[in-house]
Amino acid sequence: MTAKNQRLVLVLLALAAVVAAALLAMSALRDQAAFFYAPSDVRRSGLPLGRDVRLGGMVEAGSIARAHDGVTVRFTVTDGQATTPVTFAGIVPDLFRERSGVVAEGRFQPDGRFVATNLLAKHDEKYMPPELAGKMHETRTLKQ
Amino acid sequence: MPSLHALANPTRFLRIARPLTPLLVWAGIALVAIGTWAGLALTPPDYLQGDTVRIMYLHVPTAWLGMGGWSGIALSSVAYLVWRHPLANIAARAIAPAGATFAALCLISGSIWGRPTWGTWWQWDGRLTSMLLLFFVYCGYMALARADAERGGDGRVPAVFGIAGSALLPVIRYSVVWWNTLHQGQSIGLTGSTIDRSILWPLPITLVGFTLFFAGVVLMRMRALLGRIKTEARLRRMARA
């Protein structure tokens with residue numbers, strides 16, 4: 001083996017090792033690096049009480065209810081396996097709507113409810129023109 | 001005769017690079033202009049985000065080139081460490097500021113996109129944080145490569161850093177797949193795209209445009225670096241004479 005070939009093998013091995021180390025670290029950090037708890041995470045590992053956390057998932061269809069004071073919103077976050085009721089008082093982001101993603105920042109209550117101090121909208125990776133997304137979305141977008 | 005070999009190739013490189021530079025830069029600018037106009041005037045808005053979705057035509061190419069730039073640095077570093085070809089070292093150094101600029105543009109355009117859609121300028125989620133780290137790694141690389149060149153190093157230390165830094169590329173790529181993040185998942189994969197064709201079509205135009213422009217800027221900087229090396233060598237010879 002010439003010196004050049006030896007170097008080539010060594011450098012490529014180093015590159016592969018670096019990338020593999022990154023991938024291993026990523027999968028090991030999966031829980032710590034998560035941006036939010038999903039409702040089923042909370043059901044599995046218990047309520048993270050007494051500290052600010054984020055709760056993420058989809059806003060369940062038909063679950064958004066506004067209280068009479070005009071600023072309090074109640075809705076249910078679901079990840080398909082479990083649900084969490086959320087209360088939030090304040091201005092919701094434009095993209096906050098049913099069947100769409102949401103990340104709520106706040107605290108869990110001992111009874112399992114989540115009181116949010118801030119809401120972030122999370123949209124998915126599907127982009128399409130209004131006429132494709134159906135009549136309901138079309139009217140909403142045009143009204144804005 | 002390694003010295004002859006090193007001298008011959010940069011000369012041939014310069015002969016190709018000189019006419020290629022303006023060609024790449026102007027073709028890139030023209031394509032970016034066409035793609036941006038199409039993206040602003042011809043495509044429909046998104047059903048959910050409305051017109052905000054048009055930031056994509058800038059944001060996706062800058063993200064692609066921010067990561068592509070580091071891939072270039074990593075490949076050049078491999079080539080330099082294995083074949084000790086001086087042009088590879090110069091290519092890696094020339095790519096760094098362009099890649100850093102595009103990584104910064106990606107972060108800025110993403111922040112401007114995030115405010116109206118997510119409701120926040122910045123969140124420490126996996127995708128955003130790993131992209132910010134890549135920007136810092138670019139800055140570290142530039143400082144290291146410069147210090148190495150100024151102190152008469154042979155470029156091997158920055159090349160090792162260039163290979164180590166590629167650990168970030170899979171992290172950025174898979175951050176939205178393996179971790180839950182605020183950033184949405186991958187829209188464009190090898191097999192297809194979840195973006196409707198009517199919205200997607202100007203994106204390849206700006207993507208190719210920015211890439212050509214990027215390549216032109218890299219050639220420009222490589223020529224400048226080669227020129228500086230030549231001047232310094234000549235000054236040293238004159239001082240000795």
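This section reports on the structure supplied with the text. The model shown is predicted, which means the values in this text are computed figures rather than measured ones.

### So, the overall build of chain A
Thought 1: In terms of regular secondary structure, chain A is built from four helices and six strands.
Thought 2: The order of helices and strands in chain A, counted from the N terminus, is α-α-β-β-β-β-β-β-α-α.
Thought 3: In terms of its C-alpha atoms, chain A occupies a principal-axis envelope of roughly 80 × 45 × 25 Å.
Thought 4: The buried share among the 144 residues of chain A stands at 37%.
Thought 5: By sequence separation, contacts in chain A at least 24 residues apart represent 51% of the contacts at least 6 residues apart.

### Examining the pattern of salt bridges
Residue and element names in this part refer to chain A.
Thought 1: Within the structure shown, the criterion is met by eight salt bridges over all chains.
Thought 2: For R44, the salt bridge identified is with D41, shortest N-O distance 3.1 Å. With R44 and D41 both in helix α2 (residues 39-45), this residue pair falls three residues apart, about one helical turn.
Thought 3: You can call R44 exposed: its relative accessible area is 65%.

### Here's the deal with a positive patch on the surface
Residue and element names in this part refer to chain B.
Thought 1: Taken together, R18, K230, R234, R236, R237 and R240 make up a surface patch of like positive charges.
Thought 2: A per-element tally of the positive patch places helix α8 (residues 202-240) first, with five residues.
Thought 3: As for its position among the elements, R240 is in helix α8.

### Quick look at the interface of chain B and chain A
Thought 1: Between chain B and chain A, the residue contacts involve 45 residues of the former and 42 residues of the latter.
Thought 2: Interface area, chain B with chain A, both sides summed: about 4000 Å², of which 66% is carbon and sulfur.
Thought 3: The interface formed by chain B and chain A includes zero salt bridges.
Thought 4: Looking at the side of chain B that touches chain A, the elements with two or more residues in it are α2 (56-83), α3 (86-117), α5 (156-165), α6 (168-178) and α7 (197-200) of chain B.
Thought 5: For the side of chain B that touches chain A, a count of residues per class yields 25 nonpolar, 16 polar and four charged.

### Structural notes on the packing of aromatic side chains
Residue and element names in this part refer to chain B.
Thought 1: This model, assessed by the stated rule, comprises 13 aromatic pairs over all chains.
Thought 2: Ring plane angle 70 degrees and centroid distance 6.4 Å describe the contact between W70 and F161, whose orientation is recorded as edge-to-face. Here the residue W70 occupies a position in helix α2, and F161 occupies one in helix α5, the gap between them amounting to 91 residues.
Thought 3: Note on F161: relative accessible area 30%, which makes it partly exposed.
Thought 4: In textbook terms, an aromatic cluster arises when at least three aromatic residues are bridged by ring pairs, as seen for W70, Y138, Y141 and F161.
Thought 5: The ring of Y174 carries R173 above its face, with NZ or CZ at 4.8 Å from the centroid.

### Considering the packing of α2(B) against α8(B)
Residues and elements named next belong to chain B.
Thought 1: The N-to-C vectors of α2 and α8 enclose an angle of 40 degrees; their axes lie 9 Å apart at closest approach. Looking at the two axes, α2 sits oblique to α8. In this structure, α2 crosses over α8, and the sense of that crossing is right-handed. Contact with α2, carried on its side by M56, Y57, L58, V60, P61, W64, L65 and G69, involves P202, L203, T206, L207, F210, T211 and F214 of α8 and no other residues of that element.
Thought 2: Of the residues that constitute the contact of α2 with α8, the class distribution is 12 nonpolar, three polar and no charged.

What counts, and where the lines are drawn
- Residues numbered from 1 in each chain as written.
- Chains lettered and ligands numbered in written order.
- Predicted model: local features only at pLDDT ≥ 70, side-chain atom pairs only at ≥ 80, totals over all residues.
- Heavy atoms only, no water.
- Helix = DSSP H or I, 4+ residues; strand = E, 2+ residues; numbered from the N terminus.
- Buried < 20%, exposed > 50% of the residue type's maximum accessible area, 1.4 Å probe, protein only.
- Contact = heavy atoms within 4.5 Å.
- Salt bridge = Lys/Arg side-chain N within 4 Å of Asp/Glu carboxyl O.
- Patch = residues over 30% accessible without salt bridge, like charges linked within 9 Å, V, L, I, M, F, W, Y side chains within 5 Å.
- Areas by Shrake-Rupley, 256 points an atom, 1.4 Å probe, with all protein chains shown as cover.
- Lys, Arg positive; Asp, Glu negative; His and termini not counted.
- Charge placed at Lys NZ, Arg CZ, Asp CG, Glu CD.
- Buried area = accessible area lost by both parts, 1.4 Å probe.
- Nonpolar A, V, L, I, M, F, W, Y, C, P; charged D, E, K, R; others polar.
- Phe/Tyr/Trp six-rings, centres within 6.5 Å; stacked < 30°, edge-to-face > 60°.
- Lys NZ or Arg CZ within 6 Å of the ring centre and 35° of its normal.
- Axes fitted to C-alpha atoms, helices over the stretch in contact; angles between N-to-C directions.
- Parallel < 35°, antiparallel > 145°, perpendicular 65-115°, else oblique.
- Left-handed = near helix turned anticlockwise from the far one by under 90°.

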